[in-house]
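# Understanding the architecture of this molecule
Letter by letter, the chains look like this.
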Amino acid sequence: MKKIFAVALGIFTAIGGFVDIGDLVTNALVGSRFGMSLAWVVLVGVLGICVFAEMSGRVAAVSGRATFDLIRERLGPRMGLANLVASMAVTFLTFIAEIGGVALALQLATSVNYFLWIPIVGGAVWFVLWRVKFAVLENAFGLAGLSLIVFAVAVWKLGPDWAALWQQASHPSVSQQESHTTYFFYAVGLFGAAMTPYEVFFFSSGGVEEHWTAKSLRTMRANVFIGFPLGGLLSLSIAAVTAIAFLPLGIHVGSLGQVALPVGLAFGKIGIALALLGFFAATFGAACETGLSVGYSIAQYFGWQWGKYVEPLRAARFHTVILLSTIAAIGVLLTTVDPIMLTEYSVVFSAIALPLTYFPILVVANDRTYMGEHTNGRFANALGTIYLVLIVVVAAAAIPLMILTKAGQ
């Protein structure tokens, strides 16, 4: 059991990053429109986040300091501020959407309008971030989020044409009903979602919360190479079930309720119940991740005391940032903004912020002042450089594709 809990941070981070409210609907929408022809993007994204999360976790374990803290010190306050503004804009948008996502999940479970749930959910998220210990947080929501594995089992239960699914995934193509620009718009969105900036900042800060040292490198890598691929598998499973259930009928997924329907076809009410539990755990966990990430990054940039491993009064400014962010998020949601649409925009904008996020991590991971003998090897640097080039291309393409496709319409 201890070994399972040892990788809970990776599971928690991956589920919150790969299958939050926007990803739940986006992956389902992609499956219903394109089948498995965009599966390659998820695989590329999983490898990319593993590369940089390993660097970020190694920095935290060896130096005992979070990555964002070192970025400001290593690259100066201006570069640190640019990183802060770019990543926090995306993270705060995602935080808003996740609170809305929890409210939507509760609406599905209770039939109570989600606007009535928004203040309650916001208050619950803040209370959990204020009072609940970090280990309890990651273990509870990380493991509860594993109920989303029901989507993977549903793929098998629905009895698909495996050869057709493999053909879609291994020979991606664009149908006559879709345009190439729309195809690549969703490719950019899936890539941005897989490599959302807050994932690496949360992961490294979580390592400090758990008091990782150089002796914890094996645990850290287990978190990375088990947790993130698991998140990718869940994403592919969601796309697969909607490809099986909706693609032949020409139905495009547009709501969270539709995402659960294929699981209901496979397992009935029990499947729906497990899917709803997974929706709640994933979105609430993602709300906690993004809320903490807002507090982590701002506090680390300004040199304030931060973290859940210290008493709240000793990290008062850190908790104040989280409280104010939660109040602001509730206020935005009560304007009737669509949380799903908000997250879909945020994952595209995250693609724009990726260069400012991942280039500094590569620099810090190669600095012997902080890393000593644990700096990047040639293979890590080669992969990191390849991904930086890809990230720049994706960032340059994001806005033009959004305009040309009217956000994927």
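Higher on the page you've got the structure.
Report on the accompanying structure. Note that this is a predicted model, so its numbers are computed, not measured.

## Re the packing of aromatic side chains
- Under the defined criterion, the tally for this structure stands at 17 aromatic pairs.
- Ring geometry for phenylalanine 34 against tyrosine 183: centres 5.8 Å apart, planes inclined by 75°, an arrangement best described as edge-to-face. With phenylalanine 34 in helix α3 (residues 21-34) and tyrosine 183 in helix α11 (residues 180-194), this residue pair connects regions lying 149 residues apart in the sequence. In this structure, phenylalanine 34 and tyrosine 183 share a single accessibility class: buried.
- Joined through ring pairs, the aromatic side chains of Phe34, Tyr183, Phe184, Phe185 and Tyr186 make up one cluster.
- The residue whose ring lies beneath arginine 131 is tryptophan 130, and the NZ or CZ to ring-centre distance is 5.0 Å.

## As for a nonpolar patch on the surface
- Residues Met341, Tyr345, Phe349, Ile352, Ile399 and Ile403 make up a contiguous nonpolar surface patch of roughly 490 Å² in combined accessible area.
- Of all the secondary-structure elements, those providing two or more residues to the nonpolar patch are α17 (339-365) and α19 (378-405).
- Considering each element in turn, the nonpolar patch owes the most residues, four residues, to α17.
- When its relative accessible area of 32% is taken as the criterion, isoleucine 399 is described as partly exposed.

## What about α3?
- When the terminal C-alpha atoms of α3 are compared, their 20 Å separation across 14 residues agrees well with the 20 Å that a helix rising 1.5 Å per residue should span.
- Summarising burial for α3: 14 of the 14 residues are buried, a large majority.
- Downstream of α3 by a residue or two, glycine 35 has a phi angle that is positive, lying close to 65°.

## Considering the pattern of salt bridges
- Using the criterion set out here, one finds five salt bridges in the structure.
- Here glutamate 54 ties to arginine 58 by a salt bridge, and the two come within 2.9 Å at their closest N and O atoms. Residue glutamate 54 and its partner arginine 58 are both found in helix α4 (residues 39-63); the two are separated by four residues, about one turn of the helix.
- Between arginine 221 and glutamate 54 there is a salt bridge, with its nearest N and O atoms 3.0 Å apart. Residue arginine 221 is located in helix α13 (residues 217-245), and its partner glutamate 54 is located in helix α4; the two are separated by 167 residues in the primary sequence.
- Counted as one network, the salt bridges with shared partners bring together Glu54, Arg58 and Arg221.

Rules and cut-offs
- Residues numbered from 1 in each chain as written.
- Predicted model: local features only at pLDDT ≥ 70, side-chain atom pairs only at ≥ 80, totals over all residues.
- Heavy atoms only, no water.
- Phe/Tyr/Trp six-rings, centres within 6.5 Å; stacked < 30°, edge-to-face > 60°.
- Helix = DSSP H or I, 4+ residues; strand = E, 2+ residues; numbered from the N terminus.
- Buried < 20%, exposed > 50% of the residue type's maximum accessible area, 1.4 Å probe, protein only.
- Lys NZ or Arg CZ within 6 Å of the ring centre and 35° of its normal.
- Patch = residues over 30% accessible without salt bridge, like charges linked within 9 Å, V, L, I, M, F, W, Y side chains within 5 Å.
- Areas by Shrake-Rupley, 256 points an atom, 1.4 Å probe, with all protein chains shown as cover.
- Salt bridge = Lys/Arg side-chain N within 4 Å of Asp/Glu carboxyl O.
- Expected span 1.5 Å × (residues − 1).

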